[in-house]
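# Fold and geometry: a report
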Amino acid sequence: MGWNPDTDALAQILGLLRESQSPDTIVQQTVQQKLEELNKFTDFNKYLIYVLTKLTSEDEPTRSLSGLILKNNVKAHFHQFPPDVAQFIKAECLSAVGDPSPLIRATVGILITTTASKGELSSWPELLPRLCEMLDSADYNVCEVSTITILDGARQKYYIICVYKRSKELGRLSGKCPSVLCDSLHIRSGQRRVPYNIPYDIFVLTSQGEFTIDAFLQNLFHLAMDDDPDVRKNVCRALVMLLDAHISSLIPHMHNIIEYMMIRTQDPDENVALEACEFWLSLAEHPICKETLKPHLPKLIPILVRGMKYSEIDIILLKGDVEEDESVPDRSEDIKPWFHKSRHTIRHEPMENGGSGEEFPDDESDDGLDDDSSLSDWNLRKCSAAALDVLANVFRDDMLPVILPILKETLFHQEWEIRESGILALGAIAEGCMNGMTQHLPELIPYLISCLKDKKALVRSITCWTLSRYCHWAVVLPDHSYLKPLMYELLKCVLDSNKRVQEAACSAFATLEEEACTELVPYLADILKTLVFAFRKYQAKNLLILYDAIGTLADSVGNYLNKEEYIQMLMPPLIEKWNVLKDEDKDLFPLLEVSYFTPSQNIQPYFFTIVCDELLDFYCMISLISLFCEAPGAQQSAMNTQDFMIALDVWLRAHGHCGQTLNQTMAHAQNPEQFEAADKDFMIVSLDLLSGLAEGLNGHVGQLVQQSNIMQLLYQAMQDPMPEVRQSSFALLGDLTKACFQHVAPCISEFMPILGQNLNPELISVCNNATWAIGEISVKLGPEMRVYVNLVLTDLIFIINKPNTPKTLLENTAITIGRLGYVCPNEVAPLLQQFIRQWCISLRNIRDNEEKDSAFRGVCNMISVNPGGVVEDFIFFCDAIASWVNPKQDLKEMFHKILHCFKEQVGEENWKRFTEQFPPPLKERLTQQYGV
């Protein structure tokens, strides 16, 4: 290019690069300022690329740092580079692709990808041809970097555009690149793994391949039986990716592919077997699975069950020979990192339960091994169990003729390892094959309960999990003949001497609590005795699971737990935990997750501490709070001194966390070099605690709000850039609105615009809580809400009509629209036709409650204002009315009036023809309830 650096300038830049690696913060800051000043000189970037690619006498960290600084400059200012500088950088990058240093090669690859992404490939036409040529290089270093660079570019979709859509600009390159990639599968053994990885990434990123996949498949099959396990693993991986991206191309070969993948699922190398086992998970997602795989089930299912058996090394890693370890303290590294998940504010209960979301039991090692060797990672056992699970959901009872003989053999096998794998298999098929398994459960459940006494802890552990998958069957039987022994044997396992069994039993018992609900009320004393005793036995890790079990119990039995004798059993261990933790201790998180019972109106006043909220997979925690409960007929009064002081202590602690986090966030924004970024987990969980306090204390929380600046903190939190913070702040706003609107009302004009800005369905939980808060404010504000209707209504209508909107968000949106119509019918009714159909569909499946009541009153008001808006979708409104089990009398009269008005309007004959469209149950219900 004819450019040579100035010696003095080069020496100055090298000096700065070396100084920037100093551990001294002040030196680093000074160097950073000087480097930023040098950016004003156009040739500075030429010096940086020169140091990276030409100055081989310099140490590698300095050269790499030069390249990374250049990368940042390219990312920020590439379009401002003079043409000669940009061209010089491109040429030097390509010349250094094969640098002997891995660090420099990696830096060059990153720089190429960044430059291509900023400058676009149309301005670098020689890039792809050169990279494709390099794939055939005899120099492994050149081949490696060109491969990784194309792969990285493909993932960013920059190269894909050129390879597949710019054939006019790049001539035959669109056919050149894939053919080179396919051909490169045949190169020397030492190189074939790297280029081999490219094609399937490209396949996944493109909607359709413009080259012959058959040629690529032929090369894959050529390598299918390779001696190198890494090659076999990559062949399996490519087939899985092709299955997801180009299944139509695989269909002609599917029989042979399935046969091959069954062989590889049994590969002696577990990494290969795991990669092959992923194939069954992917295949199950495609409609062709049932027809294609059915002939192979008798051969495949035994392979999967065998893959679920612990190997000898698994047992060693899991310390499967250690039966009693409850007295061994947990180390901090043994406990998984805890990530707070803020609760979703859902104020109504759908009639249908969603999927269980259950995961396969975690074979977590307690030996402190690194993650890459711990059995808590995804492994062949888990993948095999997951594959059996998804296939059971595909084939349903059609799988039973194959699996039942295998279960009969494995469940009663003398070798405990095989018996354990059979119990796992039985649990894996529970969801998909439940109908067909029901006839076998009277025999299987007692057998599984007996396995809870097995001498091997790993058998007891997996049995807990499998029983949790079938406990619904035991719960629904009226005489508790299976529920009672199941419950008591699980409780015994809760107190097991093995920590793994304790964990599995607690998790299973939490599932049983969710299924049984108030069926457990007769046994509450025994349950609480066991759980409280477990506080004295459990180490730190299992205490988290124990908190979940207690919290889920509270959720499931509700006010039946609201007895002084039960509270006195629960309080001591919880209060002790609360008092010993410091404010900066993240173990506070479990004690800050809260949900509250509604005070009972028929018991004597007493100090009530409650537990629970269902959060995380099984890390759902508990908290303490004082809740005042009135005597029968007593009017609500101020909390007594003891109650108030305890509630105030919790409030101030959580309030303090919010204030500290907000102050640190502001300080970091103003001076990031002096102040670290705040850890917002404390703030999120504290907002949730404050929200729970507001919900639990109801009107009493006003005394706490009055003595704090929570409204100012809430205003700041609602504008935080972190979605989780906004999500929790909107939940708190809604709860404060319900509990003490007099303190919220002065801030409504500031809060409403923020709520409107967060009606973004892409952030589901944030949008959900903002929507719910708007609805609560509407009910409290009444007709004065009219000034804010236009601020939110358009977005709410968009959300309710958006395809694939999650069910809970649809329901909350419908309720809020209904509430807006309840208080401001004249403002909302003109748009009734735009949302009424989806509104009715969204709310037909929720149970009768106050929110549903106010929403339907709102729709009735809107129909009165604009009856024409519902005419085209009146059948949906009729269906929604029929969803009510027991509406209040005045609401029922509103329904009656609307139905009969429409009947009179259209005439008897037209109404008769109209109602003939109704499903028989709907027609019968409307006739019985409303006489139409």
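No experiment lies behind these values; they were computed from the predicted model shown.

### Considering the overall build of the chain
From N to C terminus, the chain includes 50 helices and zero strands. Residues classed as buried in the chain amount to 56% of the 932 residues present. Considering only contacts within the chain whose residues lie at least 6 apart along the sequence, 75% involve residues at least 24 apart. Taken as a whole, the chain presents about 40,700 Å² of accessible surface, with 51% of it coming from carbon and sulfur.

### Describing the packing of aromatic side chains
Tallied over the entire structure, the rule returns 21 aromatic pairs. Ring centres 4.6 Å apart and planes at 50° place the aromatic pair Phe 412 and Tyr 447 in the tilted group. Of this pair, Phe 412 sits in the loop between α23 (400-411) and α24 (416-428) while Tyr 447 sits in helix α26 (residues 441-451), and the two are 35 residues apart along the sequence. Given a relative accessible area of 16%, Tyr 447 falls into the buried group.

### Some points on the layout of surface pockets
In this structure, the second largest pocket encloses a volume near 350 Å³. In terms of lining residues, the second largest pocket is bounded by 17 residues, among which Pro 867, Phe 874, Ile 898, Cys 901 and Phe 902 are the most central. Listed by contribution, the elements that provide at least two residues to the lining of the second largest pocket are α46 (850-865), α48 (889-906) and α49 (908-915). The element contributing the most residues to the lining of the second largest pocket is α48, with seven residues. The residue inventory of the lining of the second largest pocket, partitioned by class, reads twelve nonpolar, four polar and one charged.

### Some thoughts on the nonpolar core
Soluble globular proteins: nonpolar side chains tend toward being buried together. With 126 residues, the main nonpolar core has Met 261, Phe 279, Trp 280, Ile 301, Leu 388, Met 399 and Ile 429 as its most contacted residues. Per-element accounting of this core gives the leading share, twelve residues, to helix α27 (residues 457-476). Excluding residues that lie within four positions of it along the chain, Trp 280 makes contacts with Ile 258, Met 261, Met 262, Thr 265, Leu 293, Leu 300, Leu 304, Ala 387, Val 390 and Leu 391. Formed by 97 residues, the second largest nonpolar core is a distinct cluster that contains Val 766, Val 792, Val 823 and Ile 898.

### So, the pattern of salt bridges
Counted under the stated rule, the structure contains 27 salt bridges. Measuring nitrogen to oxygen at the nearest pair gives 3.3 Å for the salt bridge that ties Arg 237 to Glu 275. With a gap of 38 residues between them, Arg 237 in helix α15 (residues 229-245) and Glu 275 in helix α18 (residues 270-283) connect regions that are remote in the sequence. In this structure Glu 275 comes out as buried when scored by relative accessible area, which is 17%. Salt bridges sharing common partners tie together Arg 232, Arg 264 and Asp 267.

### Some thoughts on helix α5 (residues 83-95)
Taking 1.5 Å per residue, 13 residues should reach 18 Å; α5 reaches 18 Å between its end C-alpha atoms and fits that length. Here α5 has its buried residues at Val 85, Ala 86, Phe 88, Ile 89, Lys 90, Glu 92, Cys 93 and Leu 94.

### Considering the environment of Gly 307
Locating Gly 307 in the fold gives a position in helix α20 (residues 297-307). Here Gly 307 falls in the buried class, since its relative accessible area comes to 15%. Expressed as a C-alpha distance, the spacing of Gly 307 and Glu 270, which sit 37 residues apart in the sequence, is 9.7 Å. Residues in contact with Gly 307, not counting those within four places in the same chain, are Leu 380, Arg 381 and Ser 384.

### Considerations on the confidence of the model for the chain
Residues at a pLDDT of 70 or more form 78% of the chain, whose mean pLDDT is 78. Below a pLDDT of 50 lies the segment residues 154-211, which in the model reaches 119 contacts outside its immediate sequence neighbourhood of four places, other chains included. Segment residues 364-376 is flagged for pLDDT under 50; beyond a separation of four residues in sequence, or across chains, it makes 33 contacts in the model.

### Considerations on helix α1 (residues 7-19)
Here α1 contains 13 residues, and its C-alpha end-to-end distance of 18 Å stays within 8% of the 18 Å for a straight helix at 1.5 Å per residue. Of all the positions in α1, only Leu 10, Ile 13, Leu 14, Leu 16 and Leu 17 are classed as buried. End-on view of α1: buried residues confined to an arc of 160°, all on one side of the axis. Residues of α1 that are exposed and point more than 90 degrees away from the buried face comprise Thr 7 and Asp 8. Along its buried surface, α1 packs onto α2 (25-38), α3 (44-53) and α4 (60-77).

### A few points about unusual backbone geometry
Unusually for a residue other than glycine, His 480 sits at a positive phi of about 60°. Mapped onto the elements of the fold, His 480 is located in the loop between α27 and α28 (483-494). Despite not being glycine, Cys 517 shows a phi value in the positive range, around 50°. Mapping Cys 517 onto the fold places it in the loop between α29 (499-516) and α30 (524-537). Cys 517 sits in the partly exposed class, given a relative accessible area of 30%.

### As for the packing of α24 against α26
A pair of packed helices can be characterised by two numbers: the angle between their axes and the separation between those axes. For the pair α24 and α26, the least separation of the axes is 13 Å and the interaxial angle reads 130°. The angle between α24 and α26 places the two elements in the oblique class. In the crossing of α24 with α26, the sense of the turn from one axis to the other is left-handed. Between α24, through Arg 419, Ile 423 and Leu 426, and α26, the contact on the second element is made entirely by Leu 444, Tyr 447, Leu 448 and Cys 451. Within the contact of α24 with α26, the residues separate by chemical class into six nonpolar, no polar and one charged.

### Points about the packing of helix α40 (residues 748-757) against helix α42 (residues 786-801)
In contact at an axis separation of 9 Å, α40 and α42 are set at 15° when each is read in the N-to-C sense. Taken together, α40 and α42 sit at an angle that is classed as roughly parallel. Crossing geometry of α40 relative to α42 is assigned as left-handed. Contact residues: α40 offers Ile 748, Ser 749, Met 752, Pro 753 and Gly 756, while α42 offers Tyr 788, Leu 791, Val 792 and Asp 795. Class assignment of the residues belonging to the contact of α40 with α42 gives a composition of six nonpolar, two polar and one charged.

### Regarding the environment of Gly 551
Turning to its location among the elements, Gly 551 is positioned in helix α31 (residues 540-557). Take Gly 551: its relative accessible area is 2%, and that puts it in the buried class. Put simply, Gly 551 and Glu 513 are 38 residues apart on the chain and 10.0 Å apart in space, counted from C-alpha to C-alpha.

### Some words on the side chain of Asn 768
Tracing the backbone shows Asn 768 in helix α41 (residues 764-781). On the accessibility criterion, Asn 768 (3% relative accessible area) is buried. A polar contact of 2.8 Å, which involves the side chain of Asn 768, links it to the side chain of Asn 812.

Rules of the game
Residues numbered from 1 in each chain as written. Predicted model: local features only at pLDDT ≥ 70, side-chain atom pairs only at ≥ 80, totals over all residues. Heavy atoms only, no water. Helix = DSSP H or I, 4+ residues; strand = E, 2+ residues; numbered from the N terminus. Buried < 20%, exposed > 50% of the residue type's maximum accessible area, 1.4 Å probe, protein only. Contact = heavy atoms within 4.5 Å. Areas by Shrake-Rupley, 256 points an atom, 1.4 Å probe, with all protein chains shown as cover. Phe/Tyr/Trp six-rings, centres within 6.5 Å; stacked < 30°, edge-to-face > 60°. 1 Å grid on protein atoms, 1.4 Å probe; cavity = no way out; pocket = protein on both sides within 12 Å on 5 of 7 lines; lining within 4 Å. Points joined across faces, edges and corners; volume = space filled by probe spheres on them. Nonpolar A, V, L, I, M, F, W, Y, C, P; charged D, E, K, R; others polar. Core = buried A, V, L, I, M, F, W, Y, C linked by side-chain atoms within 4.5 Å. Salt bridge = Lys/Arg side-chain N within 4 Å of Asp/Glu carboxyl O. Expected span 1.5 Å × (residues − 1). pLDDT = per-residue confidence, 0-100. Arc of directions from axis to C-beta. Axes fitted to C-alpha atoms, helices over the stretch in contact; angles between N-to-C directions. Parallel < 35°, antiparallel > 145°, perpendicular 65-115°, else oblique. Left-handed = near helix turned anticlockwise from the far one by under 90°. Polar contact = N/O pair within 3.5 Å; in protein donor to acceptor, adjacent residues only side chain to side chain.

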